[in-house]
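Per-entry structural report
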Amino acid sequence: MSAELISELVALLGPARVLTKKEDLIPYGFDGTAALNQLPRAVVFPDNAAEVSALVKIARARRMPVVTRGSGTGLSGGSVPVENALVACLTGMNRIRELDTRNLTLRADAGVITQKIFETADAAGLFYPPDPGSMKISTIGGNVAENSGGLRGLKYGVTRDYVMGMEVVLADGSICWLGNKCVKDVAGYNLRDLFIGSEGTLGIVTQVLLKLLPKPAARQTLLATYASMDAAAETVSAIIAAKIIPCTLEFLDRKTVQCVEDYARVNLPLDSEAVLLIETDGHPSAVADEAQQIEQIARANGALTVRKARDAAEAAQLATARRSAFSALARRRPTTILEDVTVPRSELAKMIRAVQAIALKHSLDIAVFGHFGDGNLHPTILTDERNAAEMHRVELALKDIVDAALGLGGTITGEHGVGVAKKPFLKQQLGENSHALLKMIKQSLDPLGLLNPGKIFDFPVQENHTPKT
């Protein structure tokens, strides 16, 4: 890195907010995705949109890629730097700017931890539903960039459904505000939605305006166990067919249950092939009625046991069991690869059988858990990235899993994003013309290709392009 560039960054942010030493850069060379890493050229910590804008202009003048990140919890390599990149870490932008209880909105900096947004809303008797598994450490900006989902997606949707507006820094350094507090607004193109899930490739989100809901008055959590995965899948279909939409409808296979119980000690049954964790919320009388119906449906579809949480503490304990699935599985082997595919709910049983067959075919240890209500599964490959032969089999298995999901009418990613990990499969899902359309949008908003290059698709940095001023 040139002394001139360092001086320019330090002059803008001060020495404490510019990292250039190798030992300081290492933690920012990877995210939550296994086997992907690259040291950046420097890491900077802007405090507001004006500083982000100035950094983008400095990088643009030098054709220097800019990779934005929050806590680095992504699972598709979306925030892994490219060579010579400037990493803009937004964790210092962590203020909640406004809680508007009249309009049920909350405005926050991109670096605010998702759990803090939930707790701030909760303290005011309100509810922010999106709850990605990493919500205790992930940032809201990262959630918007990846359009994160979570356990409540079946009833409440994903992050996109709660973003009413955002402040975004474009590739030329200009600062835009998209959206507002209006429930209805059809003025012009919906550019806000364009940036949600764009993984930092079109602009840098620096602030978000979120929609809140009234907090549900009651909840009831149930745990059902099954001798076969098909019976669990049939229960899910029957619950939906009964016009009941639980806020949570989660699945764990036998291997995941064993690992979670070893890790969390929450008295999960170890003698079943499948476990469903179900939560209903709303008015107390409606919750009581739905819980009774769910229990009857589960037993009618072959549930071995149905356990209702006695109180909030036991409900939280059961929810913790599901939320700790990834951490529990990660203790089994040195490397954990958390896959993310979604199929129509009617195809869930076929998809799980396909994953089991793929594990046998490639002699791999694969557990499965996920959001059964959404059709979103997380086949989790337990491996060792130091074993080259096994990692080759992992690559073959990942392709087989994607092929199986697409063959069943599914998608290559339900909530983790494309990033680097799913980039090779995107055209297979979208087709040539739709894939080319994405590149046209990138070309229009970031013609130099400087914002998070190499993610979603390949769009090389344009060394000889003359930028507009």
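For every chain, the first residue of its written sequence is number 1, and the numbers climb from 1 along that sequence. Selection of residues for local features in this predicted model requires a pLDDT of at least 70, selection of side-chain atom pairs for listing and counting requires 80 or more, and totals for whole chains, interfaces and linings are taken over all residues. Hydrogens are left out, water is left out, and the side-chain values use all remaining heavy atoms of the structure.

1. Concerning the sheet that holds strand β8 (residues 163–169)
Quick note on the threshold: In this description, strands pair whenever DSSP reports at least two bridges between them. Per the convention used, a helix needs a DSSP run of H or I reaching at least four residues, while a strand needs a run of E reaching at least two, with both numbered from the N terminus. Between N-to-C directions, angles span 0 to 180 degrees; the directions come from axes that are lines fitted to C-alpha atoms, helices contributing only their stretch in contact. Contacts: residue pairs with any heavy atoms within 4.5 Å of one another.
Here five strands make up an open sheet; going across it, the order is β5-β6-β10-β8-β9 and the pairing antiparallel. Strands with a single pairing partner mark the edges of an open sheet, and in this sheet they are β5 (96–100) and β9 (175–179). Strand-to-strand twist of the sheet, defined as the mean angle between neighbouring strand axes without regard to direction, takes the value 10 degrees. When strand β6 (residues 105–109) meets strand β10 (residues 204–211), the two strands line up antiparallel, connected through five bridges. Pairing of T105 across the sheet is with K211, part of β10. Along the sheet face, helix α3 (residues 49–61) touches β8, β9 and β10 and points at about 45 degrees away from the line of β8.

2. Concerning the environment of A298
Position of A298 relative to the elements: it lies in helix α10 (residues 284–300). Distance from A298 to V236, taken between C-alpha atoms, is 8.5 Å for residues 62 residues apart in sequence.

3. Here we look at the pairing of strand β13 (residues 248–253)
Note on strand geometry: in a regular strand, side chains alternate between the two faces of the sheet. We apply this condition: Burial here depends on accessible area, computed with a 1.4 Å probe over protein chains only, as a share of the maximum for the residue type. Under 20% is buried, over 50% is exposed, and the range in between is partly exposed.
Of all six residues making up β13, six are buried, and the element is well covered by its neighbours. Of the two faces of β13, both are covered, the one formed by T248, E250 and L252 as well as the one formed by L249, F251 and D253. As defined by bridge partners, β13 adjoins strand β14 (residues 274–282) across six bridges and the pair is classed as antiparallel. Across the sheet, residue E250 finds its bridge partner in β14, namely L277. Where β13 lies against strand β18 (residues 365–371), two bridges are found, and the strand directions are antiparallel. Paired with F251 across the strands is G370, a residue of β18.

4. A closer look at the pattern of salt bridges
Our working definition: Criterion for a salt bridge: a side-chain nitrogen of Lys or Arg within 4 Å of a carboxyl oxygen of Asp or Glu.
Inspection of the entire model under this criterion finds 35 salt bridges. For E4, the salt bridge is made with R62, and the minimal N-O distance between the two is 3.7 Å. Here E4, found in helix α1 (residues 3–13), pairs with R62, found in the loop between α3 and β3 (66–69); they are 58 residues apart in sequence, far enough to count as distant. Put simply, D403 and K399 hold a salt bridge, and the shortest N to O gap is 2.9 Å. You can see D403 and its partner K399 sitting in helix α14 (residues 388–407), four residues apart, about one turn around the helix. Residue K399 is classed as partly exposed on the basis of its relative accessible area, which comes to 42%. Each of D47, R95, R97 and D109 takes part in a single network of salt bridges with overlapping partners.

5. A word on the UniProt feature "domain: FAD-binding PCMH-type" (unreviewed entry) in the protein chain
Where we set the bar: UniProt positions are given in the numbering used here, feature names are shortened, and annotations may be inferred rather than shown by experiment.
Sites flagged by UniProt as "domain: FAD-binding PCMH-type" (unreviewed entry) map to residues 36–215. Measuring from the first to the last C-alpha atom of residues 36–215 gives 39 Å, for a span that is 22% helix and 25% strand.

6. Here's the deal with the side chain of T159
Let me state the cut-off plainly: Between N or O atoms, a polar contact is any pair within 3.5 Å; within protein, one atom must be a potential hydrogen donor and the other a potential acceptor, and residues adjacent in sequence are included only when both atoms are from side chains.
Tracing the sequence through the fold places T159 in the loop between α6 (153–156) and β8. Reaching out from T159, the side chain makes a polar contact with the backbone oxygen of S148 at a distance of 2.8 Å. Look past the residues within four positions of T159 in its chain and what remains in contact with it is Y128, P130, N143, V144, N147 and S148.

7. Some words on the sheet that holds strand β4 (residues 86–89)
One open sheet accounts for four strands, arranged β1-β2-β4-β3; its pairing is mixed. Both edges of this open sheet fall to β1 (18–19) and β3, since each of them pairs with a single strand only.

8. Points about the nonpolar core
The line we're drawing: What we call a nonpolar core is a set of buried Ala, Val, Leu, Ile, Met, Phe, Trp, Tyr and Cys residues that are connected through their side-chain atoms within 4.5 Å.
Core analysis: the largest hydrophobic core is formed by 46 residues, its most contacted members being Y226, F251, L276, M351 and F372. Here F251 is in contact with M229, A274, V275, L276, I352, V368, F369, G370 and F372, once residues within four sequence places are set aside. Listed in part, the 27 residues of the second largest apolar core include F127, Y162, M166 and L170.

9. Describing the domain arrangement of the protein chain
Interfaces are often sized by the accessible area lost when the parts come together. Note the following rule: The start and end points of each domain follow an automatic or database-based domain assignment.
For the protein chain, the assigned domains are domain 1 (3–89), domain 2 (96–214) and domain 3 (219–408). Relative to domain 3, the C-alpha centre of domain 1 lies at a distance of 37 Å.

10. Description of a nonpolar patch on the surface
Condition: Candidates for patches are residues over 30% relative accessible area with no salt bridge; among them, like charges are joined within 9 Å and nonpolar side chains (Val, Leu, Ile, Met, Phe, Trp, Tyr) within 5 Å. Using the Shrake-Rupley algorithm and a 1.4 Å probe, accessible areas are obtained, with residue cover drawn only from the displayed protein chains.
On the surface, I26, F30 and L39 cluster together to form a nonpolar patch covering roughly 240 Å² of accessible area. Along the polypeptide, F30 turns up in the loop between α2 (22–25) and β2 (42–44). Accessibility expressed as a relative area gives 39% for F30, which makes it partly exposed.

11. Looking at α1
The condition that has to hold: Directions are taken from the helix axis to each C-beta atom, and the arc is the one they span.
When α1 is considered as a whole, its buried residues turn out to be L5, L9 and L13. On an axial view of α1, the arc spanned by its buried residues comes to 45 degrees, and they lie on one face. Residues of α1 that are exposed and point more than 90 degrees away from the buried face comprise A3, E4 and A11. Residues of α1 that are buried in the fold lie against β1, β2, α3 and β4.

12. Some details on unusual backbone geometry
Here A35, not a glycine, exhibits a phi torsion of approximately 65 degrees, which is positive. By the element assignment, A35 lies in the loop between α2 and β2. Judged by relative accessible area, which is 41%, A35 ranks as partly exposed. With a phi angle near 60 degrees, E199 is a residue other than glycine that sits in the positive phi range. Structurally, E199 is set in the loop between α7 (191–195) and β10.

13. Brief notes about the side chain of K422
Along the chain, the position of K422 falls in the loop between α14 and α15 (426–430). Judged by its relative accessible area of 5%, K422 falls in the buried class. A polar contact is formed between the side chain of K422 and the backbone oxygen of I412, at a distance of 2.2 Å. With sequence-adjacent residues up to four places away left out, K422 is seen in contact with E339, D340, V341, V402, I412, T413 and G417.

14. A look at the state of the cysteines
Definition in use: Throughout, disulfides are identified as pairs of cysteine sulfur atoms within 2.5 Å of each other.
Taken as a whole and judged by the stated rule, the model has zero disulfides. Cysteine C176 remains unbridged, with the sulfur of C182 as its closest cysteine sulfur at 18 Å. On the basis of relative accessible area, C182 is assigned to the partly exposed category, the value being 46%.

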